[in-house]
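Secondary and tertiary structure notes
The lines below spell out each chain.
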Amino acid sequence: MKFSRTSLAGVWLIELELREDERGFLARTYCEREFTELGLNTRWPQCNLTLTKKRGMVRGMHYQAEPKPEIKLIRCSAGAVFDALVDVRRESQTFGKWEAFALTAENHRTLYVPGGIAHGFQCLAENCEMFYQMSEFYHPDLARGLRWNDPAVNIAWPVAEAGLSVRDQGLPLLELIS
């Protein structure tokens, strides 16, 4: 695996090193030793899979608050997404900043996302599957979010006709979250 730092504090882009032959390829998607050497989380008690059927749909921007923030390992297992991250940690030097990544079934990229980073994605294809490894169990009372189109953050979503859930439509602006 190749680990690259991103512009957001604590976020890593992980690119797989494929070992290919006539059958296809093999690649490690996780190695406890390599994660430990970089000081990254190695405990993943919960995994989630989402399917989003329509191109243009946005899921997010979600995170889990203290005292049980979620660290996430995120990858696209089918389709292609524009994956966006926003730092919502008020004490962070990158607070309010965003960065986005193309995650596709073909590029096999994975994002390591620390707690305090809001995460969302927009589907660039039909039938996108996202696989998440989570460092914490889901606590509905700690579920938080940020409005996907907050003008203070100004994420450049690639598909103009965005579809959203009712829940995501009502998420607060960055200035209103604690």
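Note that the coordinates shown come from a computational prediction; the quantities given were computed from them, not determined experimentally.

**A few points about the sheet that holds strand E1 (residues 2–5)**
Read from one edge of the open sheet, 6 strands run E1-E2-E10-E7-E12-E5, paired in antiparallel fashion. Only two strands of the sheet have a single neighbouring strand rather than two, namely E1 and strand E5 (46–52). Each strand of the sheet is rotated relative to its neighbour by a mean of 20°, with strand direction disregarded. Two strands pair when backbone bridges link them, and strand E7 (residues 72–78) and strand E12 (residues 128–134) are joined in this way by 6 bridges, in the antiparallel orientation. From the neighbouring strand, Ala78 faces E12, where its bridge partner is Glu129.

**Regarding the packing of aromatic side chains**
Taken as a whole and assessed by the stated rule, the structure comprises 8 aromatic pairs. With 5.4 Å between their ring centres and 80° between their planes, Phe3 and Phe35 make a pair best called edge-to-face. Here Phe35 lies in helix H1 (residues 32–37) and Phe3 lies in strand E1, a separation of 32 residues in the sequence. Each member of the pair Phe3 and Phe35 is classed as buried.

**Remarks on the sheet that holds strand E8 (residues 80–87)**
The antiparallel open sheet is built from 5 strands, whose spatial order is E9-E8-E11-E6-E13. One side of each edge strand has no neighbouring strand; the edge strands of this open sheet are strand E9 (98–104) and strand E13 (143–145). Taken pair by pair, the neighbouring strands of this sheet meet at an average axis angle of 30°, ignoring direction. Two strands pair when backbone bridges link them, and strand E6 (residues 58–64) and strand E11 (residues 117–123) are joined in this way by 3 bridges, in the antiparallel orientation. Among the inter-strand pairings, Arg59 is bridged to a residue of E11, identified as Phe121.

Each value, and the rule that gives it
Residues numbered from 1 in each chain as written. Predicted model: local features only at pLDDT ≥ 70, side-chain atom pairs only at ≥ 80, totals over all residues. Heavy atoms only, no water. Pairing = 2+ DSSP bridges. Helix = DSSP H or I, 4+ residues; strand = E, 2+ residues; numbered from the N terminus. Axes fitted to C-alpha atoms, helices over the stretch in contact; angles between N-to-C directions. Phe/Tyr/Trp six-rings, centres within 6.5 Å; stacked < 30°, edge-to-face > 60°. Buried < 20%, exposed > 50% of the residue type's maximum accessible area, 1.4 Å probe, protein only.

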